[in-house]
Amino acid sequence: MTDTMEDLVARGNRLNSPNYAPAPVVFDHGDGVWLVDADGNRYLDFMAGIAVCALGHNHPALTEAITDQARRLLHVSNLFYSREQIELMEALEAATFADRIFFCNSGAEANEAAFKLARRFQAHAMDRPEKTEILSMKKSFHGRTLAAITATGQPKYHKGFAPLAPDFVYSPFNDLEAALEQIGPQTAAVIVEPIQGEGGVRPGTREFLAGLRQACDDVEALLIFDEVQTGVGRTGHLFAYQHYDVTPDVLTVAKGLGGGVPLGAVLATERAWSGWSRGSHASTFGGNPLASRAGLAVLRTIDGEGLLENARARGEELRAGLKELAEEFPVITDVRGVGLMVGAECGEAASEVVALARQEGLLINTAGGHTLRFVPPLTISSDHVERALKRLRRALTKL
Ligand SMILES: Cc1ncc(COP(=O)(O)O)c(C=O)c1O
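Quick notes on the rules
Throughout, residues of each chain are indexed from 1 in the direction in which the sequence is written. Local features are withheld for residues below a pLDDT of 70 in this predicted model, meaning they are given only at 70 or higher, and side-chain atom pairs are given and counted only at 80 or more; totals for whole chains, interfaces and linings count all residues. In computing side-chain properties, one takes all heavy atoms of the structure into account and sets aside hydrogens as well as water. Put simply, DSSP H or I for four residues or longer makes a helix, DSSP E for two residues or longer makes a strand, and each gets a number counted from the N terminus. Each residue is placed in one exposure class: buried if its accessible area under a 1.4 Å probe, protein chains only, is under 20% of its type's maximum, exposed if it is over 50%, and partly exposed if it falls in between. Inter-axis angles, ranging from 0 to 180 degrees, are taken between N-to-C directions of lines fitted to C-alpha atoms, where helices are fitted over the stretch in contact. When describing relative orientation, an angle under 35 degrees is termed roughly parallel and one over 145 degrees roughly antiparallel, while 65 to 115 degrees is termed roughly perpendicular and anything else oblique. Throughout, a crossing is termed right-handed when the near helix is turned clockwise from the far one, and left-handed when it is turned anticlockwise from it by less than a right angle. In this description, contact between two residues means that some pair of their heavy atoms is separated by no more than 4.5 Å. Identification of polar contacts relies on pairs of N or O atoms within 3.5 Å, with a donor-acceptor requirement for protein atoms, meaning one able to donate a hydrogen and the other able to accept it, and with residues adjacent in sequence counted only if both atoms are side-chain atoms. We define a salt bridge as a contact between a side-chain nitrogen of Lys or Arg and a carboxyl oxygen of Asp or Glu at a distance within 4 Å. Whether two strands pair comes down to DSSP finding at least two bridges between them. An automatic or database domain assignment is the source of the domain bounds shown. Joining two parts hides part of their accessible area as seen by a 1.4 Å probe, and the buried area is that hidden amount summed over both. As a working rule, the residues Ala, Val, Leu, Ile, Met, Phe, Trp, Tyr, Cys and Pro are called nonpolar, Asp, Glu, Lys and Arg charged, and the rest polar, with Gly in that last group.

J.: Teacher, can you tell me more about the environment of A23 here?
T.: Mapped onto the secondary structure, A23 falls in the loop between α1 (5–15) and β1 (27–31). Through-space distance from the C-alpha of A23 to that of A355 is 8.8 Å; in sequence the pair is 332 residues apart.

What follows is the structure, given as structure tokens:
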């Protein structure tokens, strides 16, 4: 067998499950904000594995932490503790509103756990088993398990998977009046992304999120923030709720938390957890020593290297540069985002721009079909931003 990139892609395409259609690129290794493919081409990575590689690739702090951990202890199950898991819970408690934490492996799993937590809170803690409805937002994205696609307010993800999970309803994002009409005594929980990611990088307004907070309090529903994409420093705050100053009862996180090692978590208040008891839920791998050690390395590095400040400053540079490009290239009609979660509206041309950018050695992807999404590592420098903008400019020129 040969292993030119073309050959590798052909071998992959023969066996890969048909839900995926990867670009014909095989990555060989990473180096900070750069990725290198099997033919030696270098790409500036402004996707970070879809907002996962918060520290970029091969960050020494993360590499050393997981290498050391692999030598000592990978897994023990949740029938026992590990020091790493305890320390990660303590770090998350210290940095957020959370009283208790549940670990899992992905964003969808974290949301599943949050739904189970909300239903059980109403059924057991509040003794209202009929209060089961979960409100989510149109154009939201909450993952691919059956309940998570049901919560996802985009019909294209539901097609052919009926029957979906019962008692999910939808309301337009950032429309408080419409949400207030939907929230009532039947509502168990409201789930919302503070900034919609997959729906097209759409920041929520403070008024909307604060209004949801009040409405949930009024009917004793739980407010769940899905921070799977916005969490772990992406917005220039450790979590986006801190940017908005609106605190949920429950927060789900994954993606950046392990910096590339699968790790998700549900953070919630003591009250929200009060419906769960021994055996209510579980995950074999969730928060194992390896994943927890990765999470600790990510959180400590964000703190130690000033990556929240960096995300804010580089995000502003990136948005400013994109706005300049928008003046030159009218195909870009809007630039928005918070911190290093940035979108540029590009209409029908978005996918072509992504492909052209890749040819220029810049990795970005689309969100919501029409938006160019920029979610680079939080470690990027001004020089990386400048290079990315130059490459994007060349791509737009070729359009
Ligand atoms: C806001 C949000 N929630 C949930 C998910 C699902 O996460 P995972 O793919 O880890 O299950 C995603 C993934 O893109 C997401 O952006």
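J.: What's the story with unusual backbone geometry in this structure? I'm lost.
T.: Among all residues save glycine, negative phi is the norm, and among peptide bonds the norm is trans. Residue P163 is bonded to the preceding A162 through a cis peptide linkage, with omega at -5 degrees. Along the chain, P163 turns up in the loop between α6 (146–151) and β6 (168–171). Located in the positive-phi region is I50, a residue other than glycine, with phi close to 60 degrees. Here I50 lies in helix α2 (residues 48–51). For D127, which is not glycine, the phi dihedral falls at a positive 60 degrees. Among the structural elements, D127 can be located in the loop between α5 (107–125) and β5 (133–137). With relative accessibility at 60%, the residue D127 sits in the exposed group.

J.: I keep staring at the packing of helix α3 (residues 60–72) against helix α11 (residues 289–304) and nothing clicks. Help me out?
T.: Packed helices, taken two at a time, are described by the angle between their axes plus the distance between the axes. Between α3 and α11, whose axes approach to 9 Å, the crossing angle comes to 155 degrees. The orientation of α3 with respect to α11, classified from their angle, is roughly antiparallel. Judged by the sense of rotation from one axis to the other, the crossing of α3 with α11 is right-handed. In this structure, α3 contributes A61, L62, A65, I66, D68, Q69, A70 and R72 to the contact, and α11 contributes P289, L290, R293, A294, A297, V298 and T301.

J.: Sorry, what's going on with the environment of Q196 here?
T.: Checked against the element boundaries, Q196 lands in strand β8 (residues 195–196). Judged by its relative accessible area of 1%, Q196 falls in the buried class. Q196 sits 34 residues away from T230 along the chain, and the two C-alpha atoms are 8.5 Å apart. Excluding its chain neighbours within four sequence positions, the residues that come into contact with Q196 are M137, K138, K139, S140, F173, V201, R202 and M341. Within the local environment of Q196, its side chain forms a polar contact with the backbone oxygen of K138, the two atoms lying 3.0 Å apart.

J.: What exactly am I supposed to notice about helix α13 (residues 350–359) here?
T.: Since the α-helix advances by 3.6 residues per turn, residues separated by three or four positions end up pointing in the same direction. Those residues of α13 that fall on the buried side of the exposure criterion are A350, V353, V354, L356 and A357. For α13, the elements touching its buried residues are β15 (362–363), β16 (365–367), β17 (371–374) and α14 (382–398). G361 sits one or two positions beyond α13 and adopts a positive phi of about 85 degrees.

J.: Even after reading the chapter, I still don't get the pattern of salt bridges, so can you show me in this structure?
T.: Opposite charge on two side chains permits them to pair, given that their charged atoms come into close proximity. Per the counting criterion, the structure on display carries 17 salt bridges. R42 is the salt-bridge partner of D31, the closest N and O atoms lying 4.0 Å from each other. Placement of the pair is D31 in strand β1 and R42 in strand β3 (residues 42–45), with a sequence separation of eleven residues. Residue D68 pairs with R293 through a salt bridge whose shortest N-O separation is 2.9 Å. Note that D68 is positioned in helix α3 and R293 in helix α11, a separation of 225 residues in sequence. A relative accessible area of 27% means that D68 is categorised as partly exposed.

J.: How should the pairing of strand β12 (residues 264–268) be read in this particular structure?
T.: Each regular strand carries side chains that alternate between the two faces of the sheet. Within β12, five of the five residues are buried, leaving the element largely enclosed by the surrounding structure. Bridge count between strand β4 (residues 100–104) and β12: five bridges; the pairing is antiparallel. Looking across to β12, one finds that F102 is bridged to V266. In this structure, strand β11 (residues 250–253) lies alongside β12, joined through four bridges in antiparallel fashion. The partner of V253 across the bridge, within β12, is A265.

J.: Even after reading the chapter, I still don't get the domain arrangement of the chain, so can you show me in this structure?
T.: Accessible area lost when the parts come together is the quantity often used to give the size of an interface. Each assigned domain of the chain is listed here: domain 1 (5–59 + 306–398) and domain 2 (73–304). For domain 1 versus domain 2, the distance between C-alpha centres works out to 26 Å. Taken together, the 29 residues of domain 1 in the interface contact 29 residues of domain 2. In total, about 2,300 Å² of surface goes out of reach between domain 1 and domain 2, with carbon and sulfur atoms giving 62% of it. For the domain 1 face of the interface with domain 2, the top three residues by lost area are L308, V338 and M341, together amounting to 28%. Between the two partners, domain 1 and domain 2, sit one salt bridge. A salt bridge links R373 to E198; the nearest nitrogen and oxygen atoms lie 2.6 Å apart. Run the count over domain 1 and domain 2 and you get 13 residue pairs in polar contact (both at pLDDT 80 or more). If you list the elements that add at least two residues to the side of domain 1 that touches domain 2, you get α2, α12 (307–328), β13 (334–338), β14 (341–345) and β17. Residue composition of the side of domain 1 that touches domain 2, grouped by class: 18 nonpolar, seven polar and four charged.

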